[in-house]
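# Architecture at a glance
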Amino acid sequence: MPVVNRIADYATEMKTWRQHLHQIPELALDLPKTAAYVAERLREIGVDELHQGIAMSGMVAIINGQEAGPTIGLRADMDALPIPEETGVDYLSQHSGNMHACGHDGHTTMLLGAAKYLAETRNFAGRVALIFQPAEEAIGGARIMVEEGIMDRFDIGEVYALHNAPGLPVGAFLTAPGALMAAVDTFHVHIQGLGGHGAMPHETRDPVMAACGIAQAIQTIISRNHHTLEDLVVSVTQIHTGTVDNVIPDTAYINGTVRTFNPEVQAMVMRRMEEIVAGQAASYGVTATLDYEVGYPATVNNAEKSRFAVDVAAEISGAENVEADGGREMGAEDFSYMLNARPGAYLFLGQGDSAGLHHPKYDFNDDISPIGASFFARLVERAQPLG
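In this text, all values refer to a predicted model and were calculated from it rather than measured experimentally.

### Quick notes on the overall build of the protein
- Secondary structure assignment for the protein yields 11 helices and 16 strands.
- Its C-alpha atoms give the protein a radius of gyration of 24 Å, within 12% of the compact-globule value 21 Å for 387 residues.
- Across its three principal axes, the protein shows a C-alpha extent of roughly 80 × 45 × 40 Å.
- Across the 387 residues of the protein, 54% fall into the buried class.
- In the structure as shown, the protein presents an accessible area of about 15600 Å², 50% of it carried by carbon and sulfur atoms.
- Charge separation in the protein, taken as the distance between the mean sites of 24 positive and 49 negative side-chain charges, equals 4 Å.

Below you can see the structure in the form of structure tokens.
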């Protein structure tokens, strides 16, 4: 891979950074060890400004170029997942029950590698804002950082991010202009019935049957209320009720996820879900309440910035290893909030064959750290060239 030669020299150091981060996985907004380690590296690297405590554990580091100019933002997520690790690596998680199962330790490392190079060479005009974000996996740390004003505070004009991709060849890039990842919503249905003896169902108002009816009826939203050419996922993922074979319980609970791209489709799902829950509850003689949580919006790349990012990726990995219009997927990403605030692009970087994301055997491939760091560095140099 034609990575930046100087960044290739950092490969061993970057591996050390990444594997240390892997051992200290922390969740959501509360990342004290992770943030402290990243801040220590940034000070060693020699960034010009370091602003900490944004969205609790997040930070923005500024590196000044050699001439006046705009500010480009580069983002890495830092949080982990509440998954017990099963990789068996020497640098296994030291925080029981938590692990870096999505590669955010690698994303952080790639941005640190780019920071080291950019602070050393400063072969660009304007400034680069390095955004280290907590809580991508939950809560939406990107939303909080945007709401706390980082785009205006640091005068960020455009913003970019990478995510590793198991199954995509090592060093290959994939993205798409426009919509890339879906909006994600969560629904909760709480059913109140009247329990009783399993041998006397006529004396009860059975929430178990109501839960089954609601879950099945929800699936008809896709098959009977939705145009087949519009992407939509509605998945019931949990049903909890009952404790023993001869007791009909009082309550039941249903949980699931909705993935959309079109706000009109999202609104239709919300409306139909309200109608289905109310109607099914009435038919079974129970009461039911729907709690519908609107989550991350769709991740939508700016078409012009996406084309630019693809050109940079081709420089690093070769045009034959870059998919410029790879289609969209139903996963979700809170970088969408940053793309709603500023034009930019989000790309996937292949890490070869490995366990999938969010799997207990997943581990980031350290070989791609110099590739991602080179992409970030050249992105800055080409977006904001000297003279």
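### Brief notes about the sheet that holds strand 13 (residues 287-294)
- Across the sheet, four strands lie side by side as 10-12-8-13; this open sheet has antiparallel pairing. What marks the edges here is a single partner per strand, and that holds for strand 10 (232-241) and strand 13. Sheet twist, expressed as the average angle between the axes of neighbouring strands with direction ignored, equals 15 degrees.
- Sheet analysis places strand 8 (residues 183-192) next to strand 13, joined by eight bridges and oriented antiparallel. Following the sheet pairing, Val-189 is matched in strand 13 by Leu-290.

### A word on the environment of Asn-255
- Summarising the element assignment, Asn-255 is placed in strand 12 (residues 251-260).
- The exposure class assigned to Asn-255 is buried, which follows from its relative accessible area of 9%.
- For Asn-255 and Phe-132, which are 123 residues apart along the polypeptide, the C-alpha to C-alpha distance reads 32 Å.
- Once residues within four sequence positions are removed from consideration, Asn-255 is found in contact with Thr-186, Phe-187, His-188, Ser-235, Val-236, Thr-237 and Gln-238.
- Of the polar contacts made by the side chain of Asn-255, one reaches the backbone oxygen of Phe-187; its length is 2.9 Å.

### Thoughts on the nonpolar core
- Formed by 58 residues in total, the largest nonpolar core has its most connected members in Leu-42, Leu-130, Phe-132 and Phe-375.
- Residues contacting Leu-42, with those up to four places away along its chain left out, are Val-47, Leu-50, Met-59, Ala-61, Leu-112, Ala-115, Leu-130 and Phe-132.
- Listed in part, the 31 residues of the second largest apolar core include Leu-29, Ile-54, Met-151 and Phe-154.

### Focus on the pairing of strand 16 (residues 344-350)
- Along strand 16, seven of the seven residues are buried, which leaves the element largely enclosed by surrounding structure.
- Burial along strand 16 is two-sided: the residues Gly-344, Tyr-346, Phe-348 and Gly-350 and Ala-345, Leu-347 and Leu-349 are all buried.
- Two strands pair when backbone bridges link them, and strand 5 (residues 156-165) and strand 16 are joined in this way by seven bridges, in the parallel orientation. Of the residues in strand 16, the one forming a bridge with His-163 is Phe-348.

### What about the packing of aromatic side chains?
- One pass over the full model with this rule turns up six aromatic pairs.
- Arranged with centres 5.3 Å apart and planes meeting at 40 degrees, the rings of Phe-173 and Phe-375 form a pair that is tilted. Taken as a pair, Phe-173 in strand 6 (residues 173-174) and Phe-375 in helix 11 (residues 369-383) lie far apart in primary sequence, 202 residues in all. Like Phe-375, Phe-173 is buried.
- On the basis of an interplanar angle of 80 degrees and a centroid distance of 5.9 Å, the ring pair of Tyr-296 and Tyr-337 is categorised as edge-to-face. Of this pair, Tyr-296 sits in the loop between strand 13 and strand 14 (299-301) while Tyr-337 sits in helix 10 (residues 335-341); the two residues are 41 residues apart in sequence, bridging distant segments of the chain.

### Observations regarding unusual backbone geometry
- A positive phi angle is found at Met-56, which is not glycine, with a value near 75 degrees.
- Positionally, Met-56 belongs in the loop between strand 1 (49-54) and strand 2 (58-64).
- Under the relative-accessibility criterion, Met-56 is labelled exposed at 51%.
- In this structure, Asp-155 takes a positive phi of about 55 degrees despite not being glycine.
- Examined against the element boundaries, Asp-155 turns out to sit in the loop between helix 6 (150-153) and strand 5.
- Take Asp-155: its relative accessible area is 54%, and that puts it in the exposed class.

### Re the sheet that holds strand 2
- Taken together, eight strands build an open sheet; the order of strands is 1-2-4-3-5-16-6-15 and the sheet is mixed. Sheet topology places strand 1 and strand 15 (322-323) at the edges, where each strand pairs with a single neighbour.
- With two bridges connecting them, strand 6 and strand 16 associate as antiparallel partners. Across the sheet, Leu-174 pairs through a bridge with Phe-348, a residue of strand 16.
- Against the sheet, helix 11 makes contact with strand 3 (67-77), strand 4 (125-133), strand 5, strand 6 and strand 16, and its axis sits at roughly 155 degrees relative to strand 3, the strand it touches most.

The rules behind these values
- Residues numbered from 1 in each chain as written.
- Predicted model: local features only at pLDDT ≥ 70, side-chain atom pairs only at ≥ 80, totals over all residues.
- Heavy atoms only, no water.
- Helix = DSSP H or I, 4+ residues; strand = E, 2+ residues; numbered from the N terminus.
- Rg over C-alpha atoms; globule rule 2.2 N^0.38 Å.
- Buried < 20%, exposed > 50% of the residue type's maximum accessible area, 1.4 Å probe, protein only.
- Areas by Shrake-Rupley, 256 points an atom, 1.4 Å probe, with all protein chains shown as cover.
- Lys, Arg positive; Asp, Glu negative; His and termini not counted.
- Charge placed at Lys NZ, Arg CZ, Asp CG, Glu CD.
- Pairing = 2+ DSSP bridges.
- Axes fitted to C-alpha atoms, helices over the stretch in contact; angles between N-to-C directions.
- Contact = heavy atoms within 4.5 Å.
- Polar contact = N/O pair within 3.5 Å; in protein donor to acceptor, adjacent residues only side chain to side chain.
- Core = buried A, V, L, I, M, F, W, Y, C linked by side-chain atoms within 4.5 Å.
- Phe/Tyr/Trp six-rings, centres within 6.5 Å; stacked < 30°, edge-to-face > 60°.

Just geometry here; none of it tells us what the structure is for.
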